[in-house]
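Reading the structure
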Amino acid sequence: MWDYSEKVLDHYRNPRNVGKIDNADLIGEAGSLACGDSLKLYLKLDGNKIADAKFQTFGCGSAVASSSILTEMIIGKTLDEAKKITNKDIAEELGGLPQEKMHCSVMGHEALEDALKKYYGGKYEENTPVETSDKIVCTCFNVTENQIWEAIKINNLKTVEEVTNYTKAGGACGRCKGLIKDIIDTYYKGLNKAEIKEPLTATQKILKISKVIEQQISPELQKDGGDIELIDIDGNKVKVKLTGMCQGCKNAQMTLKSFVESILRDKVDTNIEVEQV
Ligand code: FES
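The shown structure was predicted, so the numbers you read here are calculated from the model rather than taken from an experiment.

A few points about the overall build of the protein
- For the protein, the count of helices and strands is 11 helices and 8 strands.
- Here the protein holds 277 residues, and the buried ones make up 35% of them.
- In the protein, the share of contacts with a sequence separation of at least 24, taken over all contacts with a separation of at least 6, comes to 54%.

So, helix H8 (residues 160-167)
- Buried residues dominate H8, accounting for 6 of its 8 residues.
- Those residues of H8 lying buried are Val160, Val163, Thr164, Asn165, Tyr166 and Thr167.
- Elements in contact with the buried residues of H8: helix H5 (102-119), strand E5 (143-144), helix H7 (145-155) and helix H9 (177-188).
- Downstream of H8 by one or two residues, lysine 168 has phi in the positive range, about 80°.

Regarding the nonpolar core
- In terms of nonpolar packing, the biggest core is built from 48 residues, with Leu41, Ile148, Val163, Ala169 and Ile180 touching the most fellow members.
- Here this core gets 8 residues from one element, more than from any other, and that element is H5.
- Two domains each donate at least three residues to this core, and these are domain 1 (6-125) and domain 2 (130-195).
- Among all residues touching isoleucine 180, those that are not within four sequence positions of it are Val137, Ile148, Val160, Val163, Ala169 and Gly170.

Considerations on the sheet that holds strand E3 (residues 49-58)
- Spatially, E1-E2-E3 is the arrangement adopted by the 3 strands of the open sheet, whose pairing is antiparallel. Both edges of this open sheet fall to strand E1 (26-32) and E3, since each of them pairs with a single strand only. Each adjacent strand pair in this sheet contributes to an overall mean axis angle of 15°, direction not counted.
- Looking at chain direction, E1 and strand E2 (residues 37-46) are connected through 7 bridges and run antiparallel. Opposite alanine 30, over in E2, you have leucine 39 as the bridge partner.
- In the packing of helix H2 (residues 61-74) onto the sheet, contacts are made with E2 and E3, and the angle to E3 comes to roughly 175°.
- Contacting E1 and E2, H5 runs over the sheet at an angle of about 140° to E1.

Some details on the pairing of E3
- Direction of pairing for E2 relative to E3: antiparallel, over a ladder of 9 bridges. The residue bridging serine 38 from the neighbouring strand is phenylalanine 58, located in E3.
- Counting the residues between successive antiparallel strands, the hairpin from E2 to E3 contains 2 residues, one of them, glycine 47, with a positive phi of roughly 65°.

With respect to the confidence of the model for the protein
- Confidence along the protein averages 86 in pLDDT terms, with 87% of residues attaining 70 or more.
- Here residues 124-132 is a poorly scored stretch, pLDDT under 50, and it has 11 contacts once near neighbours within four places are set aside; other chains count.

Let's talk about H9
- In this model, H9 (12 residues) spans 17 Å end to end at C-alpha, consistent with the 16 Å of a helix rising 1.5 Å per residue.
- Within H9 the residues assigned to the buried category are Lys177, Gly178, Leu179, Ile180, Lys181, Ile183 and Ile184.
- Buried residues belonging to H9 abut strand E4 (136-138), H7 and H8.
- Looking one or two places after H9, you find glycine 190, whose phi comes out positive at around 75°.

Concerning the packing of H2 against H5
- Where H2 contacts H5, the axes come no closer than 8 Å and their chain directions differ by 45°. Judged by the angle between their axes, H2 and H5 are oblique. The two elements H2 and H5 cross, and the hand of that crossing is right-handed. Of H5, the residues touching H2 (which contributes Ser62, Ala63, Ser66, Ser67, Leu70 and Ile74) are Cys104, Ser105, Met107, Gly108 and Leu112.
- Of the residues in the contact of H2 with H5, the class split is 6 nonpolar, 5 polar and no charged.

What counts as what
- Residues numbered from 1 in each chain as written.
- Predicted model: local features only at pLDDT ≥ 70, side-chain atom pairs only at ≥ 80, totals over all residues.
- Helix = DSSP H or I, 4+ residues; strand = E, 2+ residues; numbered from the N terminus.
- Buried ≥ 20, exposed ≤ 12 C-beta atoms within 10 Å, placed from the backbone.
- Contact = placed C-beta atoms within 7 Å.
- Core = buried A, V, L, I, M, F, W, Y, C linked by C-beta atoms within 7 Å.
- Domains from an automatic or database assignment.
- Pairing = 2+ DSSP bridges.
- Axes fitted to C-alpha atoms, helices over the stretch in contact; angles between N-to-C directions.
- pLDDT = per-residue confidence, 0-100.
- Expected span 1.5 Å × (residues − 1).
- Parallel < 35°, antiparallel > 145°, perpendicular 65-115°, else oblique.
- Left-handed = near helix turned anticlockwise from the far one by under 90°.
- Nonpolar A, V, L, I, M, F, W, Y, C, P; charged D, E, K, R; others polar.

Printed below as a string of structure tokens:
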């Protein structure tokens, strides 16, 4: 059971501003029913001020609470003021959200951003510099590179698990976890998004695994009189055989498996699993 603040529970039980504005000036959308939750945000403007805001959501209690508090936060604000609201602000205003539910605050921010982009004639990016390439990283939840990048930047996310909590990316089949890790690494190395590695094809991955074993792992093991032989690669499953001094010693084999796995995960793909045969 999640630990919810009183404010989250209050907004969940008594959501404010639920519904639709028939003649809304701006409508923002985020999420999708296929992905488990969605939000539609309606804004009525008075000049450049948000005179009214309503929402319709399909999602969990945290999604209802995040959407509800968001409408309260933006009513009366100018569009420029609203533009500065982040998912972190939404979560803080609610008195915090469980880590696993932070993606609900992100959905609120994305719906607001979507509505405001329409106001700025699709030039919202120029006002808050966000790079334009927006590849889908997680096909299970339709999460893009920009969304992950922004979630990392705003919330100082450092692990794939945190990114999953905030964006849902990586929370189903897990195929995108390697790419999420690359985005995190690229961000913290201070690099540009253009430098995020493209996912390897199956052939490229096999070649890279073979190369890392041959050029980095094997020489390390040879220093202690052991060695490693690559037996088979099937997707992310890598079968290896220990040779030389490493044979027969269970502890050494377990240590070696972790050693090989950590290097392959670091250099090739975070999802790699090593098996000894
Ligand atoms: S592609 Fe991201 S969880 Fe399946």
